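# Breakdown of the fold
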Amino acid sequence: MSRTSSSGTTREKSPLVAVVLAVLYPGLGHVYLRRWGRAFLWFVTIIATVVWLVPPEAMPSTVSVDAILESRQAVPEHVALIALVLSALSVLDAYWIAANTKTDDADATSPVGEDGTQTCPNCGKEIDENLDFCHWCTTEFETNDAGE
């Protein structure tokens, strides 16, 4: 379940939603988690697998349900197994990221580093103190001002 900060923005991402989206298509769970690089990698991996491993005769000649079902039968079993394993890995990766992302209220404010600069509690990189989110990993910070 998502938690909402005092500013009304959702910060915690549900592992269940990430898993369901990753099951629909590898990478969608990562888009939901705002992990753009990983989402792109999963999209490209699945597309590359299909392009390189599926024989041309297994590709449907037209876009219809019958043609797709016929072409599915022409796909070798080892290719289908590879696609299934890649999809399962994407689901596990999305779940792991969603379950292990820190979202405690204490972590929502940006900590001050040893040299006096503010750092992101999620990625640890230096942030601009005028922003209410990390421009590196897009983690939103809780605002301390009652007027915001």
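Residues numbered from 1 in each chain as written. Predicted model: local features only at pLDDT ≥ 70, side-chain atom pairs only at ≥ 80, totals over all residues. Heavy atoms only, no water.

## Examining the state of the cysteines
Test applied: Criterion for a disulfide: a pair of cysteine sulfur atoms at a distance within 2.5 Å. The classification of residues rests on relative accessible area computed with a 1.4 Å probe and restricted to protein chains. Under 20% of the type maximum is buried, over 50% is exposed, and intermediate values are partly exposed.
What the rule picks out here adds up to zero disulfides. Free of any disulfide, Cys123 has its nearest cysteine sulfur in Cys134, 3.7 Å distant. The partly exposed category is assigned to Cys123, whose relative accessible area is 32%. Taking the relative accessible area as the measure of exposure, Cys134 reaches 0% and is therefore buried.

## Examining the pattern of salt bridges
This is how it is decided: Put simply, a salt bridge is a Lys or Arg side-chain nitrogen that is within 4 Å of an Asp or Glu carboxyl oxygen. The secondary structure listing takes helices from DSSP runs of H or I that are at least 4 residues long and strands from runs of E that are at least 2 residues long, numbered from the N terminus.
Taken as a whole and judged by the stated rule, the model has two salt bridges. For Glu140, the salt bridge identified is with Arg34, shortest N-O distance 3.7 Å. With a gap of 106 residues between them, Glu140 in the segment after helix H5 (77–100) and Arg34 in the loop between helix H2 (28–32) and helix H3 (36–53) connect regions that are remote in the sequence. When its relative accessible area of 25% is taken as the criterion, Glu140 is described as partly exposed. Its relative accessible area of 32% is what places Arg34 among the partly exposed residues. Across the pair Asp93 and Arg38 runs a salt bridge, and its minimum N-O distance is 2.5 Å.

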